[in-house]
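Residue-level structure breakdown
What follows is each chain in one-letter form.
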Amino acid sequence: MKYLYSIILVLLIVGCNSHSNRSLKEEDYTLSLNGNWEFNTFLGDGSNYLNIQPTKDDIIIDNSQTELLKIKGAWETKTYQGTDKETKPWSKDYLSYNFKKNNDPASVEINTKVPKSGYYEHFIYYPVGSQMSALVEVNHADGSYTKDFILKTRPSVWVSLGIFRIDTKKKHSIRFHSKHQGLYNVDAIMLRPIDEADYKNSLEEKQQLVNVAYDDSNWDELKVPGHFGMINKYSNYTGKAWYRTEVKLPKTWKKTTDERIRIQFEGVYHVARVFFNGEYVGRHQGGFTPFEFDITDKINFSNKNILVVEADNNYLVGATWNWGGIIRDVQLVKSKDVRVKYQYIHAEPDLVKGSASYQVIVRVENNSEKKRELNVNALIEKGKVLNNTSAKITVAPNSVKELKLEGELNAEDVKLWHFDTPELYHIKTSISEKSKVLDTKVNRFGIRKFEATATQMLLNGEPVRLVGFNRVSDHRYWGSSEPQELINLDVDLMKTAGANFTRIMHGTQNKKLLDRCDEKGILIFEEVNVRSLKMPEVYEDHFAKPKQWVKEMIERDVNHPSVVGWSVGNELSDHFEYVKMMYEYTKKLDPNRMALHVSNRGYRKGESAENNPLEYGDMIFQNIYQKNPGAVMDTLHKRWPNKAMFFSEFGVERFTTANLDNDVSKLGTWYNNMRNQRPYTTGASIWTFNDYKSGYSNTLADENRAWGMVNAWRTKRRAFYTHQKENSPITNLNIENLDFEKGNANVSFNIRDTNDFPSFTMKNYTLHYVFKNRKGEIVLNKTLNLPLLKPGMEKWNGSITWNKLTKKPYELLVSLVTPNGYSRGEKKIYFEVPSQPIINEVKISKSKVRVHFTKNRDAFEYYAKYNINGEEKESYKTIVNYIDLDSLPANKEIQIQLIASNSKGDSKASEVSTIKTDGKILAPIIWDSFITDNKLVIGYSGSFDDVNYTIRYGVTKDHLNKDITSNSRGIMTIDIENEKTVYFQIQRAIKGEKSNWSNILKVEK
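Residues numbered from 1 in each chain as written. Predicted model: local features only at pLDDT ≥ 70, side-chain atom pairs only at ≥ 80, totals over all residues. Heavy atoms only, no water.

**Some points on the nonpolar core**
Our working rule: Residue types Ala, Val, Leu, Ile, Met, Phe, Trp, Tyr and Cys, when buried and joined through side-chain atoms within 4.5 Å, form a set referred to as a nonpolar core. Only protein chains enter the area calculation, which uses a 1.4 Å probe; residues under 20% of their type maximum are buried, those over 50% are exposed, and those in between are partly exposed. Should any heavy atoms of two residues lie within 4.5 Å, those residues are counted as being in contact.
Counting residues in each nonpolar core, the largest one holds 168 residues, and the members touching the most others are Tyr243, Leu332, Phe501, Tyr578, Trp670 and Phe749. If we skip the residues at most four places from it in the chain, leucine 332 touches Tyr29, Thr30, Leu31, Leu33, Val247, Leu249, Trp253, Ile261, Arg262, Ile263 and Ile295. Listed in part, the 35 residues of the second largest apolar core include Val108, Ile110, Phe149 and Tyr184.

**Side note on helix α8 (residues 718-726)**
Filter applied, for reference: Helix numbers and strand numbers start at the N terminus; a helix is a DSSP run of H or I with at least 4 residues, a strand a run of E with at least 2.
Counting buried positions over the 9 residues of α8 gives 7, a clear majority of the element. For α8, every residue scored as buried is listed here: Arg718, Ala719, Phe720, Thr722, His723, Gln724 and Glu726. Where α8 is buried, its residues contact β37 (466-470), α2 (484-496), α7 (667-671), β44 (681-687), β53 (823-830) and β56 (861-868).

**Examining the sheet that holds strand β13 (residues 159-166)**
Worth spelling out the cut-off: Here, strands pair whenever DSSP counts at least two bridges between them. In this analysis an axis means a line fitted to C-alpha atoms, helices contributing only their contacting stretch, and an angle means the value between N-to-C directions, from 0 to 180 degrees.
One open sheet accounts for 4 strands, arranged β5-β16-β10-β13; its pairing is antiparallel. The open sheet terminates on both sides in strands that have one partner only, identified here as β5 (59-62) and β13. Averaged over all pairs of adjacent strands, the angle between strand axes in this sheet comes to 25°, irrespective of strand direction. Note that strand β10 (residues 118-125) and strand β16 (residues 188-194) share 7 bridges and pair antiparallel. Bridging across to β16, histidine 122 finds its partner in leucine 191.

**Thoughts on the pairing of strand β62 (residues 926-932)**
As a general feature of sheets, a regular strand has side chains that alternate between the two faces. Burial within β62 is extensive, with 6 of its 7 residues counted as buried. Pairing between β62 and strand β63 (residues 935-940): 6 bridges, direction antiparallel. Looking across to β63, one finds that threonine 932 is bridged to lysine 935. The hairpin formed by β62 and β63 contains 2 residues between the paired strands, and aspartate 933 there has a positive phi angle of roughly 55°.

**Side note on helix α6 (residues 629-639)**
Threshold: The directions from the helix axis to the C-beta atoms form the arc being described.
Inspection of α6 places Pro629, Gly630, Val632, Met633 and Leu636 among the buried residues, and these make up the whole buried set. Taken down its axis, α6 places every buried residue within 160° of arc, on the same side. Residues of α6 that are buried make contact with β42 (620-624), β43 (645-650), α7 and β44.

**Comments concerning the sheet that holds strand β35 (residues 457-459)**
Strand order in the open sheet formed by 3 strands is β34-β35-β36, with antiparallel pairing between adjacent strands. Each having just a single partner strand, β34 (450-452) and β36 (462-464) make up the two edges of the open sheet. On average, each strand axis in the sheet is inclined to that of its neighbour by 35°, with strand direction left out of account. Bridging between β35 and β36 involves 3 bridges; their strand directions are antiparallel. Looking at the pairing, leucine 458 lines up with proline 463 of β36.

**Things to note about the packing of helix α4 (residues 536-557) against helix α5 (residues 576-589)**
Basically, it comes down to this: Geometric relationships in this document are graded by angle, where less than 35 degrees denotes roughly parallel, more than 145 denotes roughly antiparallel, 65 to 115 denotes roughly perpendicular, and other angles denote oblique. Rotating anticlockwise by less than a right angle from the far helix to the near helix defines a left-handed crossing, while the corresponding clockwise rotation defines a right-handed one. As a working rule, the residues Ala, Val, Leu, Ile, Met, Phe, Trp, Tyr, Cys and Pro are called nonpolar, Asp, Glu, Lys and Arg charged, and the rest polar, with Gly in that last group.
It is at 11 Å that the axes of α4 and α5 come closest, and there the two elements cross at 30°. With respect to α5, the element α4 is oriented roughly parallel. As for the relative orientation of α4 and α5, their crossing is right-handed in sense. Contacts from His542, Phe543, Pro546, Lys547, Val550, Lys551 and Ile554 of α4 reach α5 at Tyr578, Met581, Met582, Tyr585, Thr586 and Leu589. For the contact of α4 with α5, the residue count by class is 9 nonpolar, 2 polar and 2 charged.

**Some points on the UniProt feature "domain: Fibronectin type-III" (unreviewed entry) in the protein**
Put simply, the rule is: UniProt positions are given in the numbering used here, feature names are shortened, and annotations may be inferred rather than shown by experiment.
Under the feature "domain: Fibronectin type-III" (unreviewed entry), the UniProt entry names residues 833-920. As annotated, residues 833-920 comprises 0% helix and 49% strand, and the C-alpha atoms at either end are separated by 37 Å.

**With respect to the pattern of salt bridges**
Spelled out, the test is: The working definition used for a salt bridge is a side-chain nitrogen of Lys or Arg within 4 Å of a carboxyl oxygen of Asp or Glu.
Counted according to the given criterion, the structure contains 62 salt bridges. A salt bridge links arginine 260 to aspartate 294; the shortest N-O distance between them is 3.1 Å. Of the two residues, arginine 260 is situated in strand β19 (residues 259-265) and aspartate 294 in strand β23 (residues 291-294); the sequence distance between them amounts to 34 residues. Note that arginine 471 is salt-bridged to aspartate 490, the shortest N-O span being 2.9 Å. With a gap of 19 residues between them, arginine 471 in the loop between β37 and α2 and aspartate 490 in helix α2 connect regions that are remote in the sequence.

Structural data, given as structure tokens:
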């Protein structure tokens, strides 16, 4: 396929919420299998590296034992120089080699010498490196096994390779090598003796567990959708794990010759093997895309049915966590032996006439043994039927056939999908035979036009410059399983912070997220989970797996109006031919959306249209983390002058702590590289919306990477409020001449120009103004309709009015609000200073204290004043409910007072708390706590020196009669028995020393 320098791509339509109606009642054709499943792992299938510590029986061989090493190439011995735990070797040094070319024969081979023959679990230990395809080859008594590693992931911990047999009469080894460029560090291996009987019993049990009669009563319970880490001992587990559940068929389901039953998985990370009633059903590789298997002939309609799934999360990519397990919905679906397998609607609006034409592609599957002559009927609905098209089709036995339907919508029936007004339609396609409806498939879609020129993005003909976020599919409890309430919260938070357009992240998204973006109005580029072409899984069979994942992604998500394009990979190298091939493949699957890849290379020395495939994409999507982003933009534009640019990732700063007071104070400075200059830059999507769990280098001690405007538990940082301000289409929202007696005030704001950022037309916006008293109760709530606000109008001036208020309010909030209810700029005025705050408790150590207090709604931030030896000091200002005072002298008496602040000024200081610095180290900070799924979930901070954490808890504050200890970092889950209220506190242990206990917190369901 040929792409032109200046390309205008028309993208439109699409939707979500696909389902097939088999009869009037949903339970007659679908059976959800979500819920608690039985869960277990087996010896040799995987490990949690937090639990791996050498014992006296383990055999460790490191790089200093040169008699056991065979080295090819000029490997350098490096000595540990500093305190960075990720470069720390097992002993004092390690071997390092920089593979500067592909297929370099350099290698290190370590002889796995043991005192006696038998089974041994093999582990490796390596300091952090840049090698993205580090091959580790185990040569053992029964053959060889090779696994690839990313050396930026899980550095300086013991990582299991599996259990292998060693025969002392033969030579066995672990060989480290690579076919690709990158820094490779080799340090040590560990061989752990395994009891042969235990191992063989484990193998035998895995053979039996797929059978219906197998007893799984001693297994754990694990929620589906969910992930391994919901159980503390599996918090960092990588490997294979097993799920079992009984499938109880509805009584209405009977065995017939003209129906098929399929099991559908929305996502199992990363490799799934499926068994039903003891029989192998199939395998799927790819953790974020859906798949199904026909199990009609395996179902027992008169006896027990057992579904078994093996999930393997060994596939690690990049800095995000490999949340393993059945991470998305599972269901049984019953249909007739002919069905609508797929439909794709593309609706194109005529922006002049206001009408729209549409085209529907329908794929009909015939699973019967005879030819079927069918009628196909497609209805377009929005509250009522707007149009109806039909055709006849003949489908051969056991085959699939496709047909195309076309229609028109009148102008009065066309309402365009827009991020401020996300109008949705339904297409309802039925197939019938002799007037009997056999199957119906319903999809939501929208009508919109999305284009890219050499210098602009256009939505429905309007030039737009838009902002968004990369949202990592991650939560410290739910992982990537993402329940609807989390998705709803995240979309609302992103919209409130200004998001209208985003490259959402690497990997096919949960369809519930796309549904929500359709409903609330966020434009998305969805991306296949390809982050390196150096991994065997990716490049084998001429990129067969990426093609599979792209096909599964597009066929599921092609009708979402929020999705305007597809990305075939992130930050790739040596990718020219791959990208060209995947663009062509993607366009065949969906010719009406953009295709591109996310680049971090185009600006580099030596990059050009001859060796970089940016020329072939419909836009340039560039990741920028450089200190001079403007120079990157200029270089890219000089090399590809006919391509509009969107910055798919950019980083202002990665936070070095998880502190909620962290801010992106340089965000406006970064945006200034686009504001009123470089008009070809159409938008930007910051990394990231949320913090996320990671095993990557430079991750915090609680295992989160802290980039987000909200933390991993969705608590807002100061950065959230900076985003709200900088991402607004207006500036300088002012309230002047406020007169309570006359009941009016003047309001004005500036409208960003066409070349400013962000910039777009605001239609049907309103001005909301709300007076509240000190308790937060609404005194007055009014709305003012605003005229059409277009970039270039410079300024809007108006007034707000109200009847005389009986009492003077405490605050006034004025907000610019979109038609779908999101603030796009606001100003709050306080008429009084905050009330006097109260210090609840002060936790004390030798050199640090933590001041706990309850936040009042009448204050925005707090700070402490404290006196040491007559010298008065002030703390930092915080938006959270505690203040840490560091670097204090030991055994000193200190007087502390707390002050609350808002825009009116400071409150009266709290009563004085007098303490003396002494005692144990401080407990962790509690980030969040809640009750769900009969579990108490607690999120907390950590230190790299922490050994474990203990939580004591109970149903009353004075009776914390239960406790649990775990080494799980950042989160602990505790099984409870339907308690609706729980009290708890936490303690940490560091190398023999225990902290004090935290303050006691109350959690209510």
